[in-house]
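# A closer look at the structure
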Amino acid sequence: MSEQREERHQHFETLAIHAGQEPDEATGAVVPPIYQVSTYKQDGVGGLRGGYEYSRSANPTRTALEENLAALDGGRRGLAFASGLAAEDCLLRTLLTPGDHVVIPNDAYGGTFRLISKVVERWGVEWSVADTSDPQAVRAALRPRTKAIWVETPSNPLLGISDISALAAVARDAEVKLVVDNTFASPYLQQPLALGADVVVYSTTKYMGGHSDVVGGALVVNDDTLGEELAYHQNAMGAVAGPFDAWLVMRGIKTLAVRMDRHSANAERIAELLSSHNKVTQVYYPGLAEHPGHEVATKQMRSYGGMVSFRVAGGEQEAVEVCNRAKLFTLGESLGGVESLIEHPGRMTHASTAGSLLEVPADLVRLSVGIESVDDLLADLAQALG
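The structure reproduced in this document is the subject of the present report. (Residues numbered from 1 in each chain as written. Predicted model: local features only at pLDDT ≥ 70, side-chain atom pairs only at ≥ 80, totals over all residues. Heavy atoms only, no water.)

Each helix and strand in the protein chain was counted, giving 14 helices and 12 strands. On C-alpha atoms alone, the protein chain measures out to a radius of gyration of 21 Å, which is about the 21 Å that the 2.2 N^0.38 rule sets for 386 residues. Seen along its three principal axes, the alpha-carbon backbone of the protein chain occupies a region of about 70 × 50 × 35 Å. For the protein chain, the share of sequence-separated contacts (at least 6 apart) that also reach a separation of at least 24 residues comes to 71%. Carbon and sulfur atoms make up 51% of the accessible area of the protein chain, which amounts to about 16,000 Å² in all. Of the side-chain charges in the protein chain, 32 are positive and 49 negative, and the distance between the mean point of each set is 3 Å. (Helix = DSSP H or I, 4+ residues; strand = E, 2+ residues; numbered from the N terminus. Rg over C-alpha atoms; globule rule 2.2 N^0.38 Å. Contact = heavy atoms within 4.5 Å. Areas by Shrake-Rupley, 256 points an atom, 1.4 Å probe, with all protein chains shown as cover. Lys, Arg positive; Asp, Glu negative; His and termini not counted. Charge placed at Lys NZ, Arg CZ, Asp CG, Glu CD.)

Here's what the structure looks like:
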């Protein structure tokens, strides 16, 4: 506990490099080893060495990552999964039982919507949509069997901002859990637990990994009892992060702070360009003063992140053509890597929301702004827009 208290007084950049990552006792290696192992020798029946018996239940490399994740969010328990959706699935099946209800946002990752509306709903769970930027709308959406309020802030792909502290008050009054998907911000830019959230969700594939070379997910909580319940389901369901994937995420986290600073700085310049371009009809970026969530984002975020979305004159086909004409921006799904990506959400990441309350505009383009020279990125966007 004394070590944990000491860590809580360290700055983020220090925790990112050191929390959960003591030099290896056997060799002094400063990077945690990859324990590529499935099972462990026991010291007699039931005599577990260090608590390890089977790598689905626990693995030293994953333990190092989970301790690091908890420290970065100021939480008491971190859990690492095989993907962001695996983390979400574990959380939903831990919090909800048939007949329960969850409030989801009116702008969210298409995979989250698909999981809830096509998979979890078949299990007997009900859901409804609310504008999570409006705490009163969320309060009105609550039902007697509501167990969770699910929030993305900034949201995907319209970069909506929700006031985490205000929603935490709504959740406390109703005695429900507030879940915040913090993937777009990362723990460097935003600390949902400190603002009153009960659970933080990540796709560690994105900014945490940061290099487009790993798929993973994470949950972080402050409540020991909930942490134990989640750990039980993590083991029982089995969608855990493998040791090499855990190691890759840890490697990425070490440079998270410096990368997020560059992502944010580049995105701010790009949002400014787009805002003044005659082929762009609307820009979604919380760093812009005219963004409806700008004040809340300024209050709860360190800076505004590396994601920018915009709508183009000419409709859906022109949006598709802008994506096709980009050269330095790679046409691809996912986000949060060092390289810049461009995509058409309506036909790609958010196709599953078509015809629903979460359907995205057909003329929308989403950018994941990388850490390349911003001048080169600006030039590529200018030629892509024509």
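The next point concerns the nonpolar core. Note on soluble globular proteins: their nonpolar side chains tend to be buried together. Core analysis: the largest hydrophobic core is formed by 67 residues, its most contacted members being I270, L274, V283, F310 and L367. Take this core: its biggest share by element is 7 residues, from helix α11 (residues 256–275). Those residues in contact with F310 that sit more than four places away from it in its chain are L274, V280, Q282, V283, Y284, V322, D363, L364, V365, L367 and L385. Counting 28 residues, the second largest nonpolar core, distinct from the first, contains L95, V125, V221 and A231. (Core = buried A, V, L, I, M, F, W, Y, C linked by side-chain atoms within 4.5 Å. Buried < 20%, exposed > 50% of the residue type's maximum accessible area, 1.4 Å probe, protein only.)

Moving on, we come to the pairing of strand β2 (residues 101–105). Among the 5 residues that make up β2, 5 are buried, leaving the element largely enclosed by the rest of the structure. Burial along β2 is two-sided: the residues H101, V103 and P105 and V102 and I104 are all buried. Relative to strand β3 (residues 126–130), β2 is paired through 5 bridges, and the arrangement is parallel. Opposite I104, over in β3, you have V129 as the bridge partner. Following the backbone out of β2, through helix α5 (residues 110–120) and into the adjacent parallel β3, one traces a crossover that is right-handed. (Pairing = 2+ DSSP bridges. Right-handed = clockwise from strand over helix to strand, strands pointing away.)

This part is about the packing of aromatic side chains. Tallying each qualifying case throughout the model produces 5 aromatic pairs. Consider the rings of Y40 and Y52, whose centres lie 5.6 Å apart with planes at 35°: the pair is tilted. With a gap of 12 residues between them, Y40 in the loop between α2 (12–18) and α3 (60–72) and Y52 in the loop between α2 and α3 connect regions that are remote in the sequence. Residue classification places Y40 among the buried positions, given a relative accessible area of 18%. (Phe/Tyr/Trp six-rings, centres within 6.5 Å; stacked < 30°, edge-to-face > 60°.)

A pair of packed helices can be characterised by two numbers: the angle between their axes and the separation between those axes. Running from amino to carboxyl end, helix α4 (residues 84–95) crosses α5 at an angle of 45°, the nearest separation of the two axes being 10 Å. In terms of orientation, α4 and α5 fall into the oblique class. The hand of the α4/α5 crossing is right-handed. Here L85, E88, D89 and L92 of α4 lie close against α5, whose contacting residues are G111, T112, R114, L115, I116 and V120. Residue composition of the contact of α4 with α5, by class: 5 nonpolar, 2 polar and 3 charged. (Axes fitted to C-alpha atoms, helices over the stretch in contact; angles between N-to-C directions. Parallel < 35°, antiparallel > 145°, perpendicular 65-115°, else oblique. Left-handed = near helix turned anticlockwise from the far one by under 90°. Nonpolar A, V, L, I, M, F, W, Y, C, P; charged D, E, K, R; others polar.)

With that settled, the discussion passes to the side chain of H350. Following the sequence through the fold, H350 ends up in the loop between β11 (341–343) and β12 (364–368). At 3.1 Å, the side chain of H350 and the backbone oxygen of A108 are in polar contact. A distance of 2.8 Å separates polar atoms of two side chains, one belonging to H350 and the other to T349. Filtering out sequence-adjacent residues up to four positions away, H350 remains in contact with A108, Y109, G110, N156, P157, P345, V360 and R366. (Polar contact = N/O pair within 3.5 Å; in protein donor to acceptor, adjacent residues only side chain to side chain.)

Let us now look at the pairing of β12. Counted residue by residue, β12 has 5 buried out of 5 residues, so it is predominantly covered. Neither face of β12 is exposed, since L364, R366 and S368 on one face and V365 and L367 on the opposite face are all buried. Examined bridge by bridge, β11 and β12 share 3 bridges and lie antiparallel to one another. Looking at β12, one finds that E343 is bridged to R366.

We now examine the sheet that holds β11. Overall, mixed pairing links the 5 strands, which are arranged β8-β9-β12-β11-β10 in an open sheet. At either end of the open sheet lies a strand with only one pairing partner, and these are β8 (280–284) and β10 (330–331). In this fold helix α13 (residues 315–325) packs onto β9 (307–312), β10, β11 and β12, with an angle of close to 135° to the strand it touches most, β9.

This part is about helix α9 (residues 224–237). Compared with the 20 Å implied by 1.5 Å per residue over 14 residues, the 20 Å span of α9 between its first and last C-alpha is a close match. Of the residues making up α9, those classed as buried are L226, G227, L230, A231 and Q234. Down the axis of α9, the buried side of the element spans an arc of 140°, and every buried residue falls inside it. The outward face of α9, more than 90 degrees from its buried face, is lined by the exposed residues T225, Y232 and A236. Buried residues in α9 make contact with α3, β1 (77–81), α4, β6 (199–203) and β7 (217–221). G238 sits one or two residues past α9 and shows a positive phi near 90°. (Expected span 1.5 Å × (residues − 1). Arc of directions from axis to C-beta.)

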